[in-house]
Amino acid sequence: MSFGAWAIGAEWGSVNDSESLAALHHAVDCGVNFIDTADVYGMGRSERLVAQLRRERKGEIMVATKAGRRLSPHTADGYNPKNLAGFVEDSLRNLSTDCLDLLQLHCPPAEVYYRPEVFGALDDLATAGKIRYYGVSVEKVEEALKAIEFPNVQTVQIIFNCFRQRPAELFFAQARKRQVGILARVPLASGLLTGKVTATSRFEAGDHRNYNRRGERFDVGETFSGVDYTVALEALDEIRRILPAGFTMTQLALRWILMFDAVSCAIPGAKRPAQVAENCAASDRPKLPADVMAAVASIYDRLIRPLVHARW
Ligand SMILES: NC(=O)c1ccc[n+]([C@@H]2O[C@H](COP(=O)([O-])OP(=O)(O)OC[C@H]3O[C@@H](n4cnc5c(N)ncnc54)[C@H](OP(=O)(O)O)[C@@H]3O)[C@@H](O)[C@H]2O)c1
């Protein structure tokens, strides 16, 4: 279980840096040693909080960051050596380090996967000692499959959760074959799978769960996993009925992800220490029984698959 640092940067309503830092510290207390962030999360705010955490803690904390989403317009041409080098320098400064542990291309246009020179530029950054490893964050399974054809792509970050099951069909086996790490993002479907949302839940104006439900600002799949809110509530009612004793809804959702051996880590976002504690405890829960796995598959097949399966 790792930590996703988008929410502590921006776009999830109001956040408070001291609470965010407390959440990060609590993650380390719980054994987390890997954090996913991006240059664009609060334009450096998230990266700088992670840097502060690293200054305040002993022991190795690996940080994955991302580049590309500050491009405007966001085009394949923008993924050129000069821009990538500039983004890396900014992340090095924000993260107070001289080498990035893992740099991910941040959901680039699909065209980028047909441009070996982009991956050549990343190789050059590794040779120059600016980045240790690189990977990609993708929207679609097809992009993931294409990306891992490049031999030095070490990781793929992809949406994977009870409401987004397609990556497990083909991609996981291919990634394992090539020993590519998988970061399962949006593991709680933007908080839906915690079971706390209701038909009357409201989100702040500056929260993408308010302003991106139809993909107005970025890919709709990144908000609630692209699942219609009302259908999601129906599916959650069914999941609630199969909750094993000793699990919270959040823990069922996260433990479900860890049932897939190909997954290297889940990166739930969290804003508060209590959320981190609940999320991290999911990795100590027992394996899910076969009947629960079958029930989650059935709920997905009946209610969610028709809406999302073919899209991503
Ligand atoms: N394109 C990309 O590369 C991309 C896109 C999306 C995400 N990501 C990465 O993936 C990470 C995870 O995805 P995500 O943050 O979008 O979604 P998520 O992990 O599915 O949901 C995170 C949100 O759920 C709520 N939550 C978390 N733990 C909870 C708990 N125990 N109890 C109740 N509520 C809880 C919090 O929001 P509230 O408290 O406000 O409800 C939190 O911000 C991100 O942080 C980021 O690192 C990358």
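Before reading on, note that the structure itself is shown above.
Conventions we followed
- Residues numbered from 1 in each chain as written.
- Predicted model: local features only at pLDDT ≥ 70, side-chain atom pairs only at ≥ 80, totals over all residues.
- Heavy atoms only, no water.
- Buried < 20%, exposed > 50% of the residue type's maximum accessible area, 1.4 Å probe, protein only.
- Helix = DSSP H or I, 4+ residues; strand = E, 2+ residues; numbered from the N terminus.
- Arc of directions from axis to C-beta.
- Contact = heavy atoms within 4.5 Å.
- Axes fitted to C-alpha atoms, helices over the stretch in contact; angles between N-to-C directions.
- Parallel < 35°, antiparallel > 145°, perpendicular 65-115°, else oblique.
- Left-handed = near helix turned anticlockwise from the far one by under 90°.
- Core = buried A, V, L, I, M, F, W, Y, C linked by side-chain atoms within 4.5 Å.
- Pairing = 2+ DSSP bridges.

Inspection of helix H10 (residues 273–281) places Val276, Asn279 and Cys280 among the buried residues, and these make up the whole buried set. Viewed along the axis of H10, the buried residues span an arc of 95°, placing them on a single side of the element. Buried residues along H10 sit in contact with strand S1 (3–4), helix H1 (17–29) and helix H9 (249–258).

What follows deals with unusual backbone geometry. Cis geometry is adopted by the peptide bond preceding Pro73, which originates at Ser72 and carries an omega value of 5°. Position of Pro73 relative to the elements: it lies in the loop between strand S3 (62–67) and helix H3 (81–94). Even without being a glycine, Cys107 presents a positive backbone phi close to 45°. As for its position among the elements, Cys107 is in the loop between strand S4 (100–106) and helix H4 (116–127). Exposure remark for Cys107: the relative accessible area of 5% places this residue in the buried category. For Ala189, which is not glycine, the phi torsion reads 50° and is therefore positive. Note on placement: Ala189 falls in the loop between strand S7 (181–185) and helix H7 (208–211). Here Ala189 falls in the buried class, since its relative accessible area comes to 0%.

Moving on: the packing of helix H8 (residues 229–241) against helix H11 (residues 290–308). The N-to-C vectors of H8 and H11 enclose an angle of 165°; their axes lie 10 Å apart at closest approach. Considering the angle they form, H8 stands roughly antiparallel to H11. Crossing angle aside, the handedness with which H8 passes H11 is left-handed. Note on element contacts: H11 touches H8 through Ile299, Arg302, Leu303, Ile304 and Leu307, opposite Val231, Glu234, Ala235, Glu238 and Ile239.

All right, on to the nonpolar core then. Membership of the largest hydrophobic core comes to 96 residues, with the highest contact counts inside it found for Phe3, Phe119, Val156, Phe163 and Phe171. If you tally residues by element for this core, the top one is H11, at eight residues. Each residue touching Phe163, except ones within four places of it in the same chain, is listed here: Ala189, Leu192, Leu193, Ser225, Val227, Ala232, Ala235, Leu236, Ile239, Tyr300, Ile304 and Val308.

Strand order in the open sheet made by the eight strands is S1-S2-S3-S4-S5-S6-S7-S8, with parallel pairing throughout. The two strands at the open ends of the sheet, each matched to only one other strand, are S1 and strand S8 (265–266). The pairing of strand S2 (residues 34–36) with S3 spans three bridges and is parallel. Paired with Asp36 across the two strands is Ala64, which belongs to S3.

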